[in-house]
Amino acid sequence: MNTGTKKTTHDAEDDVRNRDIKIYVNGKIVHRDDAKVSVYDAGFMLGDGMWEGMRLYNGTWAFFDEHMDRLYDSCKAVSLDIGMTRAEMAAALAETAAANGMTTDAHCRLMVTRGIKYKPFQHPALSRSGPTVVILIEHSKPSQDVQKKGIRLAAVPQVRGLPHSQDAKFNSHSKLNCIIACLQAEAAGADEGLMLDPHGFVSTTNACNFFIVRKGQVWTSTGDYCMNGVTRQKVIDLCRANGIPVFEKNFSLYEAYSADEAFLTGTFGAQTPVASIDGRPIGDGTMGPMTLRLRGLYKDLVSSVTK
C-alpha cells in the first residue's frame, strides 16, 4: 500500500485478507504470525540466498519455467542445493496457494537460503542443516494510482557493479546495493533510483528493468549489468514478434532525458510508466502510446499462457 506521496513499482491495493495468509516454511504451512526463520539462518545473517517473484493468474504461475530456470541456475552458480526438484517446488507452490484460497491476482516471493548456520560466521560450510525454503504469497493487485501517474526516477551515484564483483544477474538476498540506490533516490525527492553501469551508461532502476522509447524505437540496456528480468525479455520478444524496433544497447542519460516515453518492467507491475527523470518530464508525464501498446500485448500473452 502506498504511504505518503512516495510511490514504488511494488505499491499494491490494500487487501485485508493478507492479514491472515498462510506461509510455507520448510515443508510446513503456518499462519503468517507463526512463520519464523532462525536468527542463525544464512539469509538473515548474511543475505546468502536467492529468491523469485511470480504472479498467479487463473490458477497458473505465469512464465513458471523461466522463473525456475533463473532460480535453479542462480543457486547452482553459488553451490546452494535447493533440495527440491522443480516438480516438488511446483507442488509446494500449489499447496501454499490452495491453503490461501488463491487462484488469481496473487504475488509470490519464493525464497531459498543456505539455511541455519552452526556458528555466526561467513563460511558457507557452516550451514549444515540444509536450505531454508519459504513461499510467501499475498493477494495483490498493482496500485492503479501508480499505473496512471507513473514513477519519478532520479539518477543516483550508486552503480550496478561488474560481474566479477557481484553479478547483477543474481536475484540474491544481498540487495544492499539496490537499497542504497533507493535511499539516494528518496533523498533526491524521487520514487526510485535510476542506476548507471560502471561505464556511465543507463542500466536499470533499483527495483526494475528500464526502457525508453525514441521515435518509435524501444531501447533498453545491453543487459550486462542488470537483472535478467523475465518480463524484460518478454517485452523484447513481443517487440520482435510485432514489428516494433527494439534495441539492447548502451545509452546515456542524454537519451533518457529526451525520450518520448519511458517505462519499467517487472513481474509485479508488468509495465509501469515513468513520469519524470531528475525532475524532467518524460513525454507528457503519463503513459505513452507505445507503453500502452506493449501493456496490451503483454496482457494478451499472459492470458494465452495462463488459460
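Just so we're clear, the structure is a prediction, and the values are computed from it rather than from any experiment.

A. Here's a closer look at helix α9 (residues 289–305). Across its 17 residues, α9 extends 25 Å between first and last C-alpha, which sits within 8% of the 24 Å expected from 1.5 Å per residue. All buried positions along α9 are accounted for by Met290, Thr291, Leu294, Leu297, Tyr298 and Val302. Burial along α9 is one-sided: seen end-on, the buried residues are contained in an arc of 140°. With respect to the buried face of α9, the exposed residues turned more than 90 degrees away are Pro289, Leu292, Lys299 and Asp300. For α9, the secondary structure elements touched by its buried residues are β3 (49–57), β10 (209–214), β11 (217–220), α7 (230–241), β13 (261–266) and β14 (270–277).

B. Up close: the packing of α7 against α9. Running from N to C, α7 and α9 point in directions that differ by 105°, and their axes come no closer than 10 Å. Comparing their axes, α9 and α7 come out roughly perpendicular. On the side of α7, the interface is formed by Thr231, Lys234, Val235, Leu238 and Cys239, while α9 contributes Leu294, Leu297, Tyr298 and Leu301. Residue classes in the contact of α7 with α9 are distributed as seven nonpolar, one polar and one charged.

C. Focus on the pattern of salt bridges. Scanning the entire structure with this criterion turns up nine salt bridges. Measuring nitrogen to oxygen at the nearest pair gives 2.9 Å for the salt bridge that ties aspartate 191 to arginine 152. Separated by 39 residues along the polypeptide, aspartate 191 in the loop between α6 (176–187) and β8 (192–196) and arginine 152 in strand β7 (residues 151–155) bring together distant segments of the chain. Under the relative-accessibility criterion, aspartate 191 is labelled buried at 5%. The exposure class assigned to arginine 152 is partly exposed, which follows from its relative accessible area of 27%. Measuring nitrogen to oxygen at the nearest pair gives 3.1 Å for the salt bridge that ties arginine 232 to glutamate 248. Here glutamate 248 lies in strand β12 (residues 246–248) and arginine 232 lies in helix α7, a separation of 16 residues in the sequence. The class of arginine 232 is buried, set by a relative accessible area of 6%.

D. Local environment of the state of the cysteines. In the structure shown here, the tally under the stated rule is zero disulfides. Distance from the sulfur of cysteine 182, which forms no disulfide, to the nearest cysteine sulfur (cysteine 178) is 9.2 Å. Take cysteine 208: it sits in no disulfide, and the sulfur closest to it among the cysteines is that of cysteine 178, at 10 Å. By relative accessible area, cysteine 208 is classed as buried at 7%.

E. Quick look at the nonpolar core. The biggest cluster of nonpolar side chains holds 31 residues, and the ones touching the most others in it are Leu71, Met89 and Leu110. Mapped by element, the contributors of at least two residues to this core are β1 (22–25), β3, α2 (64–77), α3 (86–99), β5 (106–113) and β6 (132–139). In this view, methionine 89 contacts Met68, Tyr72, Ile82, Met84, Leu110 and Val133; residues no more than four positions away in its chain are not counted. Formed by 20 residues, the second largest nonpolar core is a distinct cluster that contains Val213, Ile236, Val246 and Tyr298.

F. Region of interest: α2. The terminal C-alpha atoms of α2 lie 20 Å apart, and with 14 residues this matches the ideal 20 Å at 1.5 Å per residue to within 8%. All of the buried residues in α2 are Phe64, His67, Met68, Arg70, Leu71, Tyr72, Ser74 and Cys75. Where α2 is buried, its residues touch β3, β4 (60–61), α3, β5 and α7. The positive-phi residue at the C-terminal boundary of α2 is serine 79, with phi of around 55°.

G. Summary view of the pairing of β1. Two elements, β1 and strand β2 (residues 28–31), share four bridges in a ladder whose sense is antiparallel. Considered in β2, the bridge of lysine 22 is made with histidine 31. Taking the residues that link successive antiparallel strands as the turn, the β1-β2 hairpin has two residues, and the phi of asparagine 26 there is positive, at about 50°. When β1 meets β6, the two strands line up antiparallel, connected through two bridges. Looking at β6, one finds that valine 25 is bridged to valine 134.

H. Examining the packing of aromatic side chains more closely. A full pass over the atoms with the stated rule returns four aromatic pairs. With 6.1 Å between their ring centres and 50° between their planes, phenylalanine 63 and tyrosine 298 make a pair best called tilted. Residue phenylalanine 63 is located in the loop between β4 and α2, and its partner tyrosine 298 is located in helix α9; the two are separated by 235 residues in the primary sequence. Across this residue pair, the class does not change: phenylalanine 63 and tyrosine 298 are buried. Seen in terms of ring centroids, phenylalanine 211 and phenylalanine 263 are 4.9 Å apart; in terms of plane orientation they differ by 5°. Their pairing is stacked. One end of the pair, phenylalanine 211, is in strand β10; the other, phenylalanine 263, is in strand β13, with 52 residues separating them in the sequence. With respect to burial, phenylalanine 211 and phenylalanine 263 carry one shared label: buried. Cluster of aromatic residues (ring-pair linked, three or more members): Phe210, Trp219 and Phe251. The ring of tyrosine 257 has arginine 280 sitting right over it, with the charged end atom 3.9 Å from the ring centre.

Basis of the calculations
Residues numbered from 1 in each chain as written. Predicted model: local features only at pLDDT ≥ 70, side-chain atom pairs only at ≥ 80, totals over all residues. Heavy atoms only, no water. Helix = DSSP H or I, 4+ residues; strand = E, 2+ residues; numbered from the N terminus. Expected span 1.5 Å × (residues − 1). Buried < 20%, exposed > 50% of the residue type's maximum accessible area, 1.4 Å probe, protein only. Arc of directions from axis to C-beta. Contact = heavy atoms within 4.5 Å. Axes fitted to C-alpha atoms, helices over the stretch in contact; angles between N-to-C directions. Parallel < 35°, antiparallel > 145°, perpendicular 65-115°, else oblique. Nonpolar A, V, L, I, M, F, W, Y, C, P; charged D, E, K, R; others polar. Salt bridge = Lys/Arg side-chain N within 4 Å of Asp/Glu carboxyl O. Disulfide = S-S within 2.5 Å. Core = buried A, V, L, I, M, F, W, Y, C linked by side-chain atoms within 4.5 Å. Pairing = 2+ DSSP bridges. Phe/Tyr/Trp six-rings, centres within 6.5 Å; stacked < 30°, edge-to-face > 60°. Lys NZ or Arg CZ within 6 Å of the ring centre and 35° of its normal.

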